[in-house]
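Tertiary structure, described
Residue strings, one per chain:
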Amino acid sequence: MNYRISQRAASLSPSLTLVIDSKAKQMKAEGQDVVGFGAGEPDFDTPQHIKDACAKALADGFTKYTPAAGIPELRQAIADKHQRENGLTYKPSQIIVSCGGKHSCYNVILATCQEGDEVIIPAPYWLSYPEMVKLAGAKPVIIETSDKTEFKVTPAQLHAAITPRTRLFVLNSPSNPTGSVYTPEETKALGDICVEKGVLIMSDEIYEHLLYDGATVKSVASFSQAHYDHTIIVHGFAKAWSMTGWRLGWCAAPEPIAKAIDAVQSHSTSNPTSFAQKGAVAALTGPQDHLPKWLAEFSKRRTYAFNKLNSIPGITCVNAKGAFYLFPNISQTGLKSAEFCARLLEQEKVAAVPGIAFGADDYIRLSYATGMANIEKGLARIENFCKGLKK
Ligand SMILES: *Cc1c(COP(=O)(O)O)cnc(C)c1O
């Protein structure tokens, strides 16, 4: 049989982060002593009160379809969160709950982009953005950045990349994969350009709460009514509440866009899992005391890893003020990222994600969402690996 795969599906690159992660997990299952820096998820358990709320919903028989856009209670709780924490007023009808932040991104792109449109994505980027844009039939336009600017795109770069075809600008701060964070002033400057040029902004704020060294963020939607009107916020429960497996995220959008996203979702996944949504209500309305503890632990690991990485010959690393990743530069080793990571896994049994997956071949991504003992062991192995490289 000659199975013709659709052009859209055939145009996709597989998710390299998931590939490396599953290879490392497989090696572990075979009994090999693998240290994994590949994780894109916190290593902490979901807080108990969230699990309890979900278990109760299940026990109570809350197991049927809900409205496609989510239960009113959760949409209200999300609207309240944006009012309370971001000073942003959304009606529940502007909030669409989806099956993960990734799903929310995809819905936003599908609802706003089409053939002939361009979507500006700064690199290093979360690897799914360009693929989602291609699935929508639109064209990803990549702006390169480097560690010299802490991986931040400048207003001049954004300005130069905009054409009459530009539909959407993707902003992700704090960033996966680099952990870099735009200051409120930098965020506003980029937002100003989009407003001036009539470009929509998809602001992926999923790492909003994971900040270090006193860094602060301000949603691009919050600078003026015009900024609000141009912005679609994407957010979710995966990172700050460690609910990756629950598959719950949301977007907050101007009313007509929210309506379109609701329609897209109603014909694809329908509602996100009913009883999981009850857990999400508890996540937003319950205690948040887990977060300072997690942040203290993440920050300790980050500082250790940052110092250690910069002591390794061939590696330089800028510090990250958010998320749970470092994005060291490996160009002085003479290896490109895919070979570096393949040999590192082979020789030292350390799993890291090659930067090429994020559009940045001189770097690798290390997640410190793993225990301190692992981090110490893994970085010692990376040091050993680099010392053994013949130039
Ligand atoms: C983790 C992540 C998301 C959302 O992940 P889900 O598991 O789908 O909720 C969205 N954007 C970025 C940049 C992420 O790293």
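Quick caveat, the model's predicted, so the values are computed rather than measured.

**Observations concerning the sheet that holds strand β6 (residues 200-204)**
- With mixed pairing, the 7 strands of this open sheet are ordered in space as β2-β8-β7-β6-β5-β3-β4. In the strand order of this sheet, the two ends are held by β2 (95-98) and β4 (139-144), each with one partner. For this sheet, the mean inter-axis angle between neighbouring strands, taken without regard to orientation, is 20°.
- Pairing of strand β7 (residues 231-236) with strand β8 (residues 249-252) involves 4 bridges; the strand directions are antiparallel. Paired with H235 across the bridge in β8 is W250.
- Along the sheet, helix α4 (residues 72-86) makes contact with β2, β7 and β8, crossing β2 at roughly 120°.
- Strand contacts of helix α8 (residues 184-197): β5 (166-172) and β6, with the helix running at about 170° to β5, the strand carrying the most contacts.

**A word on the site of the ligand**
- Inspection of the region around the ligand gives 13 residues, with G101, D204, Y207, K239 and R247 positioned closest.
- Within the contact set of the ligand, a nitrogen atom lies 2.6 Å away from a side-chain nitrogen or oxygen of D204.
- Contact between the ligand and R247: an oxygen atom at 2.7 Å from a side-chain N or O atom of the residue.
- Surface burial for the ligand is 94%, taken as the share of its 390 Å² of free accessible area covered by protein chains.
- Spatially, the ligand is embedded in the largest pocket.
- Taken together, the residues of the shell around the ligand sort by class into 5 nonpolar, 4 polar and 4 charged.

**Here's the deal with the side chain of R75**
- Tracing the backbone through its elements, the reader meets R75 in helix α4.
- Buried and unpaired, R75 has D262 as its nearest opposite-charge partner, separated by 4.9 Å.
- Those residues in contact with R75 that lie beyond four places of it in its chain are A69, G70, P92, S93, I95, I96 and V97.

**Quick word on the layout of surface pockets**
- Of the voids in this model, the largest pocket is the one considered here, and its volume is about 840 Å³.
- Forming the boundary of the largest pocket are 39 residues, of which L18, A39, G40, E41 and T244 lie nearest the centre.
- Among the secondary structure elements, those contributing two or more residues to the lining of the largest pocket are α2 (16-29), β1 (35-36), α5 (101-112) and α6 (128-135).
- Per-element accounting of the lining of the largest pocket gives the leading share, 6 residues, to α2.
- Of the residues in the lining of the largest pocket, the class split is 18 nonpolar, 12 polar and 9 charged.
- Looking at which domains feed residues into the lining of the largest pocket, each of domain 1 (7-46 + 290-389) and domain 2 (49-285) supplies at least three.

**Observations concerning the packing of aromatic side chains**
- Summed over all chains, the structure comprises 17 aromatic pairs.
- Aromatic pair F298 and F324: ring centres 5.4 Å apart, planes at 40°, arrangement tilted. One end of the pair, F298, is in helix α12 (residues 290-310); the other, F324, is in the loop between α12 and β9 (325-326), and 26 residues separate them in sequence. The same class applies to F298 and to F324, which are both buried.
- Taking the ring centre of F223 as reference, the NZ or CZ of K218 above it sits at 5.4 Å.
- Seen from the ring of F62, K278 lies directly overhead, with NZ or CZ sitting 4.6 Å from the centre.

**Here's the deal with the domain arrangement of the protein**
- Taken domain by domain, the protein holds domain 1 (7-46 + 290-389) and domain 2 (49-285).
- The interface of domain 1 with domain 2 comprises 39 residues on the first partner and 39 residues on the second.
- Of all residues in domain 1, the largest losses of buried area upon contact with domain 2 belong to R8, T46 and K321, amounting jointly to 21% of the total for that side.
- Put simply, domain 1 and domain 2 have 3 salt bridges between them.
- A salt bridge links D45 to K51; the nearest nitrogen and oxygen atoms lie 2.7 Å apart.
- Where domain 1 touches domain 2, the interface holds 20 residue pairs in polar contact (both at pLDDT 80 or more).
- Taken together, the elements giving at least two residues each to the side of domain 1 that touches domain 2 come down to α2, α12 and β9.
- Element by element, the count of residues in the side of domain 1 that touches domain 2 is highest for α12, at 7 residues.
- Broken down by class, the residue content of the side of domain 1 that touches domain 2 amounts to 20 nonpolar, 13 polar and 6 charged.

**Here's the deal with empty space enclosed by the protein**
- Within the structure shown, the criterion is met by 2 cavities of 30 Å³ or more.
- When its volume is computed, the largest cavity comes out at roughly 130 Å³.
- If you go around the largest cavity, you meet 14 residues; those closest to its centre are P122, P124, N172, S175 and Y182.
- At 3 residues, the largest contribution of residues to the lining of the largest cavity is made by β5.
- Partitioning the lining of the largest cavity into residue classes produces 9 nonpolar, 5 polar and no charged.
- As a volume, the second largest cavity reaches approximately 30 Å³.
- If you go around the second largest cavity, the residues you meet are F37, A305, L309, L326, L366, S367 and Y368.
- Elements with a minimum of two residues in the lining of the second largest cavity: α12 and β12 (364-367).
- For the lining of the second largest cavity, the per-class residue count stands at 6 nonpolar, 1 polar and no charged.

Procedures and definitions
Residues numbered from 1 in each chain as written. Predicted model: local features only at pLDDT ≥ 70, side-chain atom pairs only at ≥ 80, totals over all residues. Heavy atoms only, no water. Pairing = 2+ DSSP bridges. Helix = DSSP H or I, 4+ residues; strand = E, 2+ residues; numbered from the N terminus. Axes fitted to C-alpha atoms, helices over the stretch in contact; angles between N-to-C directions. Contact = heavy atoms within 4.5 Å. Near = heavy atom within 4 Å. Polar contact = N/O pair within 3.5 Å; in protein donor to acceptor, adjacent residues only side chain to side chain. Areas by Shrake-Rupley, 256 points an atom, 1.4 Å probe, with all protein chains shown as cover. 1 Å grid on protein atoms, 1.4 Å probe; cavity = no way out; pocket = protein on both sides within 12 Å on 5 of 7 lines; lining within 4 Å. Sits in = over half its atoms within 2 Å of the grid points. Nonpolar A, V, L, I, M, F, W, Y, C, P; charged D, E, K, R; others polar. Buried < 20%, exposed > 50% of the residue type's maximum accessible area, 1.4 Å probe, protein only. Lys, Arg positive; Asp, Glu negative; His and termini not counted. Salt bridge = Lys/Arg side-chain N within 4 Å of Asp/Glu carboxyl O. Points joined across faces, edges and corners; volume = space filled by probe spheres on them. Domains from an automatic or database assignment. Phe/Tyr/Trp six-rings, centres within 6.5 Å; stacked < 30°, edge-to-face > 60°. Lys NZ or Arg CZ within 6 Å of the ring centre and 35° of its normal. Buried area = accessible area lost by both parts, 1.4 Å probe.

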